[in-house]
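Breakdown of the fold
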Amino acid sequence: MRGRDLLSIAELSPDEMGLILRTALSLKRDGGGEDLLRGKTLALLFEKPSLRTRVSFDVAMAELGGHAIYLSQGEVGLGQRESVADVSRVLSRYVDVIAARTYSHETLLGLARHADVPVINALSDEEHPCQAMADLLTVLERFGALRGVRLAFIGDGFNVAASLAEGCALTGVNFAMASPDGYSLPEPTQRLISELATANGGTVEFFETPAEAVRGADVVYTDVWASMGQEDSYAARKEAFAGFAVTGELMSLAKPGAIFMHDLPAHRGEEVMEDVIEGPQSVVFDQAENRLHAQKAILALTTSDHEL
Ligand code: CP
């Protein structure tokens with residue numbers, strides 16, 4: 001994977017997914033890797049706010065022997081003060097890898113097209129592949145395998161759901177989803193994940209009610225009803241998503257050993273109730289920690305000069 005971009009989970013083969021997950025687990029459990037990125041620099045180019053993604057990338061670089069430079073939109077003016085192409089070409093002369101968080105996936109594609117170094121998607125309006133890798137790492141740790149696990153996603157068919165669905169389809173996780181009418185995954189993504197799931201021995205199902213999706217699930221996952229950039233439609237979304245909150249009653253329909261997942265930040269009392277996110281089934285902070293380990297693996301595999 002050396003020199004490769006990571007813009008979408010669907011770009012990865014099942015073998016590459018497995019390699020990233022194994023590398024992440026090894027770095028987490030066994031440590032080491034302090035010299036893998038010695039002398040390397042990561043540019044964190046962020047148009048939007050972040051806690052987890054920014055800090056976990058910065059710490060990942062430090063733990064692998066390199067370092068990170070954070071560049072906010074206010075400083076760089078991506079596409080405003082300077083064209084996306086020129087920002088990308090200039091950064092490629094200074095740094096060894098770029099992680100970019102953009103409003104539009106097109107901006108990310110523009111950065112990747114003009115960069116001479118790997119570009120990693122740190123969230124766009126279509127995908128959040130680093131989150132999905134951390135999510136699957138968390139499921140793998142909990143259940144010892146991915147194939148055959150049933151994951152129910154309740155909520156908005158936006159970037160987090162799209163990458164998670166693709167990751168499930170590539171790894172044999174049975175993916176079930178329930179969303180209000182008009183808020184499911186885009187049709188092309190639905191077709192893509194169905195094809196990937198068929199090829200990799202998994203299933204994809206879409207339901208109208210959360211109860212149908214959650215029944216018999218090993219994992220129940222939700223995300224906010226209005227993501228960054230969707231604030232204007234918050235009131236309409238709150239109305240549309242009524243009845244799609246993850247409550248204790250909904251969790252009781254899942255398997256007894258089921259876990260609750262959320263990419264955070266969470267809106268307690270909206271998409272998830274306080275007793276669920278703070279309850280014994282919740283693994284949301286393990287998920288947040290795993291952003292670090294998954295991204296260490298992605299950075300090492302794309303950017304290190306050393307064999308892993
Ligand atoms: N889950 C996630 O991407 O968190 P941040 O927006 O804080 O990076």
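Predicted, not measured: the structure shown is a model, and the values here were computed from it.

So, on to the nonpolar core. The biggest cluster of nonpolar side chains holds 62 residues, and the ones touching the most others in it are Leu42, Phe57, Met133, Leu151, Phe175 and Leu299. Other than its neighbours up to four places away in sequence, phenylalanine 175 contacts Leu151, Phe153, Ala161, Ala165, Cys168, Leu185, Ile193, Thr203, Val204 and Glu205. In this structure, Tyr183, Ala245, Val276 and Val284 belong to the second largest nonpolar core, which totals 25 residues.

Turning our attention to a nonpolar patch on the surface. On the surface, a nonpolar cluster with roughly 240 Å² of combined accessible area is contributed by Leu51, Val55 and Val59. Looking at the secondary structure, you find valine 59 in helix H2 (residues 52–63). The exposure class of valine 59 is partly exposed, given its relative accessible area of 31%.

As a further point, take the site of the ligand. Around the ligand, the surrounding shell consists of Ser50, Leu51, Arg52, Thr53, Arg101, His128, Gln131, Asp263, Leu264 and Arg291. In this structure, an oxygen atom belonging to the ligand sits 2.8 Å away from a side-chain N or O atom of histidine 128. Notes on the ligand: free accessible area 250 Å², of which the protein chains cover 94%.

A separate point is the sheet that holds strand S4 (residues 119–121). Read from one edge to the other, the open sheet built from four strands follows the order S2-S1-S3-S4, with strand pairing classed as parallel. Edge strands, defined here as strands with exactly one partner in the open sheet, are strand S2 (67–72) and S4. Averaged over all pairs of adjacent strands, the angle between their axes in this sheet comes to 20°, without regard to strand direction. Relative to S4, strand S3 (residues 97–101) runs parallel, the two being bridged by three bridges. Along S4, the bridge assignment pairs isoleucine 98 with valine 119. Helix H13 (residues 284–303) contacts strand S1 (41–46), S3 and S4 of the sheet and is inclined by roughly 155° relative to S4.

Parameters and conventions
- Residues numbered from 1 in each chain as written.
- Predicted model: local features only at pLDDT ≥ 70, side-chain atom pairs only at ≥ 80, totals over all residues.
- Heavy atoms only, no water.
- Core = buried A, V, L, I, M, F, W, Y, C linked by side-chain atoms within 4.5 Å.
- Buried < 20%, exposed > 50% of the residue type's maximum accessible area, 1.4 Å probe, protein only.
- Contact = heavy atoms within 4.5 Å.
- Patch = residues over 30% accessible without salt bridge, like charges linked within 9 Å, V, L, I, M, F, W, Y side chains within 5 Å.
- Areas by Shrake-Rupley, 256 points an atom, 1.4 Å probe, with all protein chains shown as cover.
- Salt bridge = Lys/Arg side-chain N within 4 Å of Asp/Glu carboxyl O.
- Helix = DSSP H or I, 4+ residues; strand = E, 2+ residues; numbered from the N terminus.
- Near = heavy atom within 4 Å.
- Polar contact = N/O pair within 3.5 Å; in protein donor to acceptor, adjacent residues only side chain to side chain.
- Pairing = 2+ DSSP bridges.
- Axes fitted to C-alpha atoms, helices over the stretch in contact; angles between N-to-C directions.

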